[in-house]
Amino acid sequence: MTRPARVGVFGLLGSGNLGNDGSLEAVLGYLRAEHPGAAVDALCGGPEVVAARYRIPATRLHWNRGEYRTASRAGAVVAKGLGKFVDVFRTAAWVRRHDVVIVPGMGVLEATLPLRPWGFPYSLFLLCASGRLFGTRIALVGVGAAPIGNRPTRALVRWSARLAAYRSYRDVPSRVAMREMGVDTVRDEVYPDLAFALPTPPSRTTPGLVCVGVMDFHGGDDDRARAEEIHRRYLEGTTRFVRALVRDGRRVRLLTGDACDAPVVDAILEAVDSPLVTAAETASLADLMKETAAADTVVATRYHNLICALKVGTPTLALSYAAKSDALMARMGLGAYCHPARDVDADRLLDQFRALEGRSAELRRTLSERNLVAARQLEQQFTDLTTALFPTADHAHALRETS
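This section reports on the structure supplied with the text.

Quick notes on the rules
Residues numbered from 1 in each chain as written. Predicted model: local features only at pLDDT ≥ 70, side-chain atom pairs only at ≥ 80, totals over all residues. Heavy atoms only, no water. Helix = DSSP H or I, 4+ residues; strand = E, 2+ residues; numbered from the N terminus. Rg over C-alpha atoms; globule rule 2.2 N^0.38 Å. Buried < 20%, exposed > 50% of the residue type's maximum accessible area, 1.4 Å probe, protein only. Contact = heavy atoms within 4.5 Å. Areas by Shrake-Rupley, 256 points an atom, 1.4 Å probe, with all protein chains shown as cover. Lys, Arg positive; Asp, Glu negative; His and termini not counted. Charge placed at Lys NZ, Arg CZ, Asp CG, Glu CD. Pairing = 2+ DSSP bridges. Right-handed = clockwise from strand over helix to strand, strands pointing away. Salt bridge = Lys/Arg side-chain N within 4 Å of Asp/Glu carboxyl O. Arc of directions from axis to C-beta. Patch = residues over 30% accessible without salt bridge, like charges linked within 9 Å, V, L, I, M, F, W, Y side chains within 5 Å. Axes fitted to C-alpha atoms, helices over the stretch in contact; angles between N-to-C directions.

Remarks on the overall build of the protein
In terms of helices and strands, the protein carries 13 helices and 13 strands. Against the 2.2 N^0.38 benchmark of 22 Å for 403 residues, the protein shows a C-alpha radius of gyration of 21 Å, consistent with a compact globule. By its C-alpha atoms, the protein is 70 × 50 × 40 Å across when sized along the principal axes. A total of 403 residues make up the protein; the buried ones form 55% of that total. If you take every contact in the protein between residues at least 6 apart in sequence, the share linking residues at least 24 apart comes to 73%. Roughly 17,400 Å² of accessible area belongs to the protein as shown, and the carbon and sulfur atoms make up 54% of that amount. Here the protein contributes 51 positively and 44 negatively charged side chains, and the mean placements of these two sets differ by 4 Å.

Quick notes on the pairing of strand E9 (residues 252–255)
Bridge count for strand E8 (residues 210–213) against E9 is four bridges, and the pairing is parallel. Its bridge partner being in E9, Cys211 is matched across the sheet by Arg253. Assessed by its sense of winding, the connection that carries the chain from E8 through helix H7 (residues 227–247) to E9 is right-handed. One ladder, built from three bridges, connects E9 with strand E10 (residues 277–279); its direction is parallel. Residue pairing across strands places Val252 opposite Val277, the latter belonging to E10. In this region the chain leaves E9, passes through helix H8 (residues 262–272) and returns to the parallel neighbour E10; the handedness of that crossover is right-handed.

Brief notes about the pattern of salt bridges
Evaluation of the coordinates by the stated rule reveals 18 salt bridges. Between Asp343 and Arg233 there is a salt bridge, and its shortest N-O distance comes to 2.5 Å. Of this pair, Asp343 sits in the loop between strand E13 (338–340) and helix H12 (346–358) while Arg233 sits in helix H7, placing them 110 residues apart in sequence. The partly exposed category is assigned to Asp343, whose relative accessible area is 35%. Owing to a relative accessible area of 35%, Arg233 belongs among the partly exposed residues under this scheme. Between Arg253 and Glu291 there is a salt bridge whose closest N-O contact spans 3.1 Å. Of this pair, Arg253 sits in strand E9 while Glu291 sits in helix H9 (residues 285–293), and the two are 38 residues apart along the sequence. In this structure Glu291 comes out as buried when scored by relative accessible area, which is 16%. Sharing partners across several salt bridges, the network here consists of Glu110, Arg170, Asp193 and Lys324.

Structural notes on H8
Within the sequence span of H8, burial applies to Val264, Val265, Ile268 and Val272. The arc that holds every buried residue of H8, seen down its axis, measures 100 degrees, which confines them to one face. Residues of H8 that are exposed and point over 90 degrees away from its buried face: Pro263 and Glu270. Elements in contact with the buried residues of H8: H7, E9 and E10. Phi turns positive one or two residues past the end of H8, at Asp273, with a value near 50 degrees.

Some details on the sheet that holds strand E2 (residues 39–44)
An order of E3-E2-E1-E4-E5-E6-E7 is seen for the seven strands of this open sheet, with the pairing classed as parallel. Pairing within the sheet leaves two strands with one partner each, and these edge strands are strand E3 (58–60) and strand E7 (189–190).

Things to note about a nonpolar patch on the surface
A cluster of nonpolar side chains, contributed by Trp63, Leu82, Phe85, Val88 and Phe89, occupies part of the molecular surface with about 500 Å² of accessible area. Tracing the backbone through its elements, the reader meets Phe85 in helix H3 (residues 74–96). The exposure class assigned to Phe85 is exposed, which follows from its relative accessible area of 52%.

Thoughts on the sheet that holds E8
Strand pairing in a sheet relies on backbone hydrogen bonds, with the paired strands running either antiparallel or parallel. Pairing is parallel in the open sheet, where six strands are placed in the order E10-E9-E8-E11-E12-E13. Two strands lie at the open edges of the sheet, namely E10 and E13, each paired on one side alone. Put simply, the sheet's adjacent strands are angled 20 degrees from each other on average, direction ignored. By the bridge criterion, four bridges tie E8 to strand E11 (residues 297–300) in an arrangement that is parallel. Along E11, the bridge assignment pairs Val210 with Thr297. Its contacts with the sheet put H12 on E8, E11, strand E12 (316–320) and E13, and the angle it makes with E12 is roughly 150 degrees.

Geometric values such as these leave the question of function open.
What follows is the structure, encoded as structure tokens:
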């Protein structure tokens, strides 16, 4: 009798980022539908959340529980250094127990937000190196990538991608970025973001409602020197835009996509001070889709806020902070409706918003057509994934016994 395939999922999952968890949910849906006998567990940032929400065993990604807190004291610095050493063996031991490890979506090959090489890039490298060492197939599925300026981060990302057994990307710029970093991408495919595979809620539009998705935005990894200036301009411009909507008598619903976005919501609520402006409480991409499905129009910054709005067919304007947002909007037929998040001009944004609303009916038809295409492409993604990771002709690796 053969034993079930042992499948791991890996990443900053259960840590408060709704987009990351939505990608996990899509992959778990695929595994449960196509490989129901697989034994699945996770190595992730928030194991308690993942275990409770998705009903799979989960292990903490880092030995050091203070991994993502700034280490200012000597003891904390020593703990971080020790944690990096211990994680080599913890990661290797976890990988060795699996036949396949899937990294579900996420921007794991980019640094469009502030990132240190010894953080997640180091963890991803340990994963991929361990996979190569023990013969475990590591799959980077529908991931995001972007040019990286920091040399150590770029080296870790490049080697992680090279060591993976399977790679696919969520947009063309991601594949181009990896090719320019020296990765052979000839056999790598591009598919829509995994979140497009999630169920779509019914649409119940509230006339006049505008959803505004906000973000604790400070620029990218190369913007650290002017991060506070970027944040101030983003917050001021977005607040002015919300205030202009309120002056027009529009109801505004503020959305987030990560726990860290709450201070931005609070600042806008306090500055605008109107009963027309409320904040949504969302715990999943399903919640975000319900919110965006109720809106006439969406203006959003976070990548998965955009995906949720586009997936439910709501005309959307992107406050774009990276090429991935521009590529997503172009794929869905709304490439003309992008506005730079680093330089939010409330007056120009309002003009773009009115132009978007003027084409609302036409754009809803366009989104309906593009969503059907995305669904078919993701069906192909999962078919290709099964062929690559669960081969029927060669079970030698899948059936090896634990030594």
